[in-house]
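Geometric and topological summary
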Amino acid sequence: MNWFRRFMMGRSGSDQLSVFLFVVSILLTWTGRMVSVSLLVMTGYAALLLGLFRMLSRDVSKRRMENDQFLMRTRPFREKCLMLWNRVKSTKPRKDSKTHHVFRCAKCGKRLRVPKGKGRILVTCPVCKTTVIRND
């Protein structure tokens, strides 16, 4: 295993752009095989070779600049995907969903957790100090 460690020394390795190129390569190659379009398959192979070239390149600063450009251009899309993922993840039932109710403060949007089955309670937001009466 030391031979591989010595081989990769001074090389850029994998980054987000290389991983993206590998995923695009797999998708293009698979789609091209399914619909029998050789141009898609060749484009997929080209993306694979470009990803391998980036991983094995010794010009680390240039590869880092390319990766930074990729991250800067894809930032809005990645942020929207992250927001969607957080929204999907938050719809799963929580461990304490039988004992507590979670709602958002109307003024600042902070998530507040109150116990269930206590009747009318006065809830004060710790961030903006807004008070709300909840019937739980």
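Residues numbered from 1 in each chain as written. Predicted model: local features only at pLDDT ≥ 70, side-chain atom pairs only at ≥ 80, totals over all residues. Heavy atoms only, no water.

**Topic: the packing of aromatic side chains**
The tally for this structure, following the rule as stated, stands at two aromatic pairs. Geometrically, the ring pair formed by Trp3 and Phe4 is edge-to-face, given 5.8 Å between the ring centres and 75° between the ring planes. For Phe4, a relative accessible area of 37% puts it in the partly exposed group. It is Arg11 that lies over the ring of Phe7; its NZ or CZ is 4.2 Å from the centre. The ring centre of Phe103 lies 4.1 Å from the NZ or CZ of Arg134, which sits over that ring. (Phe/Tyr/Trp six-rings, centres within 6.5 Å; stacked < 30°, edge-to-face > 60°. Buried < 20%, exposed > 50% of the residue type's maximum accessible area, 1.4 Å probe, protein only. Lys NZ or Arg CZ within 6 Å of the ring centre and 35° of its normal.)

**Some points on the environment of Gly32**
The topology assignment puts Gly32 in helix α2 (residues 16-35). Between the C-alpha atom of Gly32 and that of Thr43, which follows or precedes it by eleven residues, the distance is 9.1 Å. Excluding its chain neighbours within four sequence positions, the residues that come into contact with Gly32 are Val37, Leu40 and Val41. (Helix = DSSP H or I, 4+ residues; strand = E, 2+ residues; numbered from the N terminus. Contact = heavy atoms within 4.5 Å.)

**What about the nonpolar core?**
Phe103, Cys105, Leu112, Val114, Ile121, Val123 and Cys125 form the largest nonpolar core, which has seven residues in total. For this core, the secondary structure elements donating two or more residues are β2 (111-115) and β3 (120-124). For Phe103, the contacting residues outside a window of four places in its chain are Lys110, Arg111, Leu112, Val114, Val123 and Arg134. (Core = buried A, V, L, I, M, F, W, Y, C linked by side-chain atoms within 4.5 Å.)

**Considering the environment of Arg33**
Residue placement: Arg33 occurs in helix α2. Not counting the four nearest positions on each side in its chain, Arg33 is found in contact with Val41 and Tyr45. A polar contact is formed between the side chain of Arg33 and the side chain of Tyr45, at a distance of 2.8 Å. (Polar contact = N/O pair within 3.5 Å; in protein donor to acceptor, adjacent residues only side chain to side chain.)

**Some remarks on the pattern of salt bridges**
Summed over all chains, the structure comprises four salt bridges. A salt bridge links Arg63 to Glu66, with the shortest nitrogen-to-oxygen separation between them at 3.0 Å. Placement of the pair is Arg63 and Glu66 together in helix α4 (residues 60-90), with a separation of three residues, close to one helical turn. Exposure remark for Arg63: the relative accessible area of 7% places this residue in the buried category. For Glu66, a relative accessible area of 30% translates into the label partly exposed. Ionic contacts of the salt-bridge type, sharing partners, join the residues Asp15, Arg54, Arg63 and Glu66 into one network. (Salt bridge = Lys/Arg side-chain N within 4 Å of Asp/Glu carboxyl O.)

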